[in-house]
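The lines below spell out each chain.
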Amino acid sequence: MKPAPFSYHAPATVADALGLLAEHGDEAKPIAGGQSLVPLLAMRLARFEHLVDLNGVDGLTGIRRVNGHVEVGAMTRQRTAEHDATVAADVPLLAEALPWIGHFQIRNRGTIGGSVAHADPASELPAVALALDAELEIASADGSRTVAAADFFEGTFMTTIADGELLTAVRFPVWGPGSGFSVKEFARRSGDFAVAGVVAGVQASGGTVTRAAVAFLGMGPTPVRGRGAEAGLVGAALADLSPGSSVLADAAAAAVADTAPGDDIPAGAAPRRRIATHLAAQAIAEAAARAGAGA
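Conventions used here
Residues numbered from 1 in each chain as written. Predicted model: local features only at pLDDT ≥ 70, side-chain atom pairs only at ≥ 80, totals over all residues. Heavy atoms only, no water. Phe/Tyr/Trp six-rings, centres within 6.5 Å; stacked < 30°, edge-to-face > 60°. Lys NZ or Arg CZ within 6 Å of the ring centre and 35° of its normal. Pairing = 2+ DSSP bridges. Helix = DSSP H or I, 4+ residues; strand = E, 2+ residues; numbered from the N terminus. Contact = heavy atoms within 4.5 Å. Axes fitted to C-alpha atoms, helices over the stretch in contact; angles between N-to-C directions. Expected span 1.5 Å × (residues − 1). Buried < 20%, exposed > 50% of the residue type's maximum accessible area, 1.4 Å probe, protein only. Arc of directions from axis to C-beta.

Caption draft 1: Expanded view of the packing of aromatic side chains. One pass over the full model with this rule turns up two aromatic pairs. Note on Phe-152 and Phe-153: the rings are 5.0 Å apart at their centroids and 85° apart in plane angle, and the pair reads as edge-to-face. Above the plane of the ring of Trp-175 lies Arg-211, whose end atom (NZ or CZ) is 4.1 Å from the centre.

Caption draft 2: Main features of the sheet that holds strand β14 (residues 224-225). Sheet architecture is open: four strands sit in the order β11-β12-β13-β14, paired in antiparallel fashion. Here the strands that pair on one side only, and so sit at the sheet edges, are β11 (179-186) and β14. Bridge count for strand β13 (residues 208-217) against β14 is two bridges, and the pairing is antiparallel. The residue of β14 that forms the bridge with Ala-215 is Arg-225. Sitting on the sheet, helix α12 (residues 269-294) is in contact with β11, β12 (196-205) and β13, with an inclination near 155° to β11.

Caption draft 3: Region of the structure containing helix α11 (residues 246-257). Along its 12 residues, α11 runs 16 Å from first to last C-alpha, staying within 8% of the 16 Å computed at 1.5 Å per residue. Those residues of α11 that fall on the buried side of the exposure criterion are Leu-248, Ala-251, Ala-252, Ala-255 and Val-256. Within α11, the buried residues cover an arc of 130° as seen down the axis, which keeps them to one side. Within α11, the exposed residues directed more than 90 degrees away from the buried face are Ser-246, Asp-250 and Ala-257.

And the structure:
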């Protein structure tokens, strides 16, 4: 299998990359790690006249703490973020989610921005971005704009990034003391895309939940936020979120009620809901326990 012919561009600056994307419009495609795009091109499921390689572009990598957020450059390798001390301390949900992505060889090449922009609903990083209310920095030749994760994902492999635009950074909010997080997935084999998965965060003060976040992967055409569960969890006692409790069971059921899984080869909608309900209960309970331990 070979891709259709294309022109290859290797810009050195963000401005050069944006100029190429503006010049060639919908005939151009940026390539980051290439873990998703290259197979699509090779199987001719996608075709572009121009590929704009971002690997030599200065200014698209790095991890830094900025104004209550951890800002991760779009071309930062997943493996780099996985082992970064700032990510581990300030965005533990991201640190915990990264090892679930494929195998370490995938993460050596894959990028944070590439995964988020690819918008695969079965991927971990879009769900993390959604759960944490991340901010996405999108640039074009005319300037830049910031988009909330809740407004970014429009459908399977579809985002608000327009022709001529480029995701340059992802900013993850820092929750701070009294918070705990968890990631749970079910896949048929290690390294496979999850049949269903959930990421959860709980923040507490004085033994009471003050903030909660639940998001699913593999449970709809985009990552899905469990808003009903989050509203019900705020004000709950951490002690009531232990495994087997009715409060926890109700929260997990409410979370899954917000999803819209489809039927496909890995699993049907009904099995996905059962799996996701079980995973949600596990993740919320673990996040709550960690929040209590860190309070």
